[in-house]
Amino acid sequence: AERDVFVRDRFSGACGVSEFVAAHALVSMPAIALMAMVSAVLLISMAQLNGFVVYWLALFLSLAFAEGFCALLSALFRDYVVAIITTAGLYGFFMTCQGFLMVAPAIPSWLQWGHAIAPHSYTFRVLMVNEFAPIEWLDSASYGSGVDVLRFYGMEDADIAMDMVGLAASVVLCYCLYAIVLYVHHTGMR
């Protein structure tokens, strides 16, 4: 229904693509920020995790990416069921390549591109470094410190700031691609 109104308004000249995409992004951000805040408060307080601000920002950017990505795919496909199935499939691929199910150094070379483009990789790396880098001692036979855990996952030299920039760039890219798809495919003319 929202898309039909946009197409009608665009055809009549009442609303442009950039205005619609900007409004869509701006309207969704407060709700995303609130969801990330509630989740961060609950998880960090219950699980005694480190670094509230970094955790909240990583979660916020991940949810903002998900919103933009779903908007992009729903604009690409006329059938919402196909868009949902495609989104679920791509998210499954992203989760497989993020570095948890198979640690990043063990991902086959022909699949490294999946690790590089998956926003989940950046979020996972931010959360791992945020949690394990400050830990100086672990009571574990396998790992003596948090840095040892990061080394196992191939994240000992990860940069939280650069990964956050990568996440933010993914959000912006999704919304830019969303605008392009709307501009090209949803003109209001049949």
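In what follows, the structure referred to is the one given above.
Just so it is clear, the model here is predicted, and its values are computed rather than measured. (Residues numbered from 1 in each chain as written. Predicted model: local features only at pLDDT ≥ 70, side-chain atom pairs only at ≥ 80, totals over all residues. Heavy atoms only, no water.)

Engineer: I'm lost on the side chain of Glu-131 in this one. Help?
Structural biologist: With respect to the helices and strands, the residue Glu-131 is situated in helix α6 (residues 119-132). Buried and unpaired, Glu-131 has no salt bridge, with Arg-125 as the nearest side chain of opposite charge at 16 Å. Here Asn-50 takes part through its backbone nitrogen, which lies 2.9 Å from a polar atom of the side chain of Glu-131. Discounting chain neighbours no more than four positions away, the residues touching Glu-131 are Leu-49 and Asn-50. (Helix = DSSP H or I, 4+ residues; strand = E, 2+ residues; numbered from the N terminus. Buried < 20%, exposed > 50% of the residue type's maximum accessible area, 1.4 Å probe, protein only. Lys, Arg positive; Asp, Glu negative; His and termini not counted. Salt bridge = Lys/Arg side-chain N within 4 Å of Asp/Glu carboxyl O. Polar contact = N/O pair within 3.5 Å; in protein donor to acceptor, adjacent residues only side chain to side chain. Contact = heavy atoms within 4.5 Å.)

Engineer: Explain the pattern of salt bridges to me, please; I cannot follow it from the model alone.
Structural biologist: Two side chains carrying opposite charge are able to pair once their charged atoms lie near each other. Across all of its chains, the model carries 2 salt bridges by this definition. Across the pair Asp-163 and Arg-125 runs a salt bridge whose closest N-O atoms are separated by 2.8 Å. A residue pair is termed long-range when its members are at least 10 positions apart, and Asp-163 in helix α8 (residues 160-185) and Arg-125 in helix α6 qualify at 38 residues. Here Arg-151 makes a salt bridge to Asp-148, at a shortest N to O gap of 2.8 Å. Taken together, the residues span about one helical turn, with Arg-151 and Asp-148 both in helix α7 (residues 146-152) at a distance of 3 residues. On the accessibility criterion, Arg-151 (47% relative accessible area) is partly exposed. Among the residues examined, Asp-148 registers a relative accessible area of 27% and is labelled partly exposed.

Engineer: I'm lost on a nonpolar patch on the surface in this one. Help?
Structural biologist: On the surface, Leu-173, Leu-177, Ile-180, Tyr-183 and Val-184 cluster together into a nonpolar patch covering about 500 Å² of accessible area. Structurally, Ile-180 can be placed in helix α8. (Patch = residues over 30% accessible without salt bridge, like charges linked within 9 Å, V, L, I, M, F, W, Y side chains within 5 Å. Areas by Shrake-Rupley, 256 points an atom, 1.4 Å probe, with all protein chains shown as cover.)

Engineer: Would you take a moment to explain α8 for this structure?
Structural biologist: An α-helix turns once every 3.6 residues. As a result, residues three or four positions apart point the same way. The first and last C-alpha atoms of α8 sit 37 Å apart over 26 residues, in line with the 38 Å expected at 1.5 Å per residue. Packing partners of the buried residues in α8 comprise α1 (2-12), α2 (17-47), α3 (52-76) and α6. One side-chain oxygen of the residue at the start of α8 lies 3.2 Å from the amide nitrogen of Ala-161, identifying that residue as Asp-159. (Expected span 1.5 Å × (residues − 1).)

Engineer: In this structure, what is going on with the packing of α3 against α6? I would like to understand it.
Structural biologist: Two measures define how a pair of helices packs: the angle their axes make with one another and the distance between the axes. It is the contact of α3 with α6, at a shortest axis distance of 10 Å, that shows an interaxial angle of 170 degrees. Relative to α6, the element α3 lies roughly antiparallel. Taking contact as the criterion, the partners of Val-54, Tyr-55, Ala-58, Ser-62 and Phe-65 in α3 are, on α6, Pro-119, Thr-123, Val-126, Leu-127 and Asn-130. Residue composition of the contact of α3 with α6, by class: 7 nonpolar, 3 polar and no charged. (Axes fitted to C-alpha atoms, helices over the stretch in contact; angles between N-to-C directions. Parallel < 35°, antiparallel > 145°, perpendicular 65-115°, else oblique. Nonpolar A, V, L, I, M, F, W, Y, C, P; charged D, E, K, R; others polar.)

Engineer: For this particular structure, what's the right way to read the nonpolar core?
Structural biologist: Looking at soluble globular proteins, one finds that nonpolar side chains tend to be buried together. Within the largest apolar cluster, 33 residues are counted, with the highest numbers of intra-cluster contacts made by Phe-65, Phe-69, Tyr-175, Tyr-178 and Leu-182. Counting only elements with at least two residues in this core, the list comes to α1, α2, α3, α4 (80-97), α6 and α8. If you tally residues by element for this core, the top one is α3, at 11 residues. Contact partners of Tyr-175, with chain neighbours within four places excluded, come to Val-21, His-24, Ala-25, Ser-28, Met-29, Ala-64, Glu-67 and Gly-68. Counting residues in hydrophobic clusters, the runner-up holds 8 residues, among them Val-103, Phe-124, Met-128 and Tyr-153. (Core = buried A, V, L, I, M, F, W, Y, C linked by side-chain atoms within 4.5 Å.)

Engineer: I keep staring at α4 and nothing clicks. Help me out?
Structural biologist: Taking 1.5 Å of rise per residue, the 18 residues of α4 would be expected to cover 26 Å, and the 26 Å separating its terminal C-alpha atoms lies within 8% of that figure. Among all positions in α4, only Ala-83, Thr-87, Tyr-91, Phe-94 and Cys-97 are buried. The arc that holds every buried residue of α4, seen down its axis, measures 125 degrees, which confines them to one face. Opposite the buried face of α4, at more than 90 degrees from it, the exposed residues are Ile-85 and Ala-88. Close packing links the buried residues of α4 with α3, α5 (112-117) and α6. The backbone nitrogen of Val-81 lies 3.1 Å from a side-chain oxygen of the residue at the head of α4, namely Asp-79. Downstream of α4 by one or two residues, Gly-99 has phi in the positive range, about 115 degrees. (Arc of directions from axis to C-beta.)

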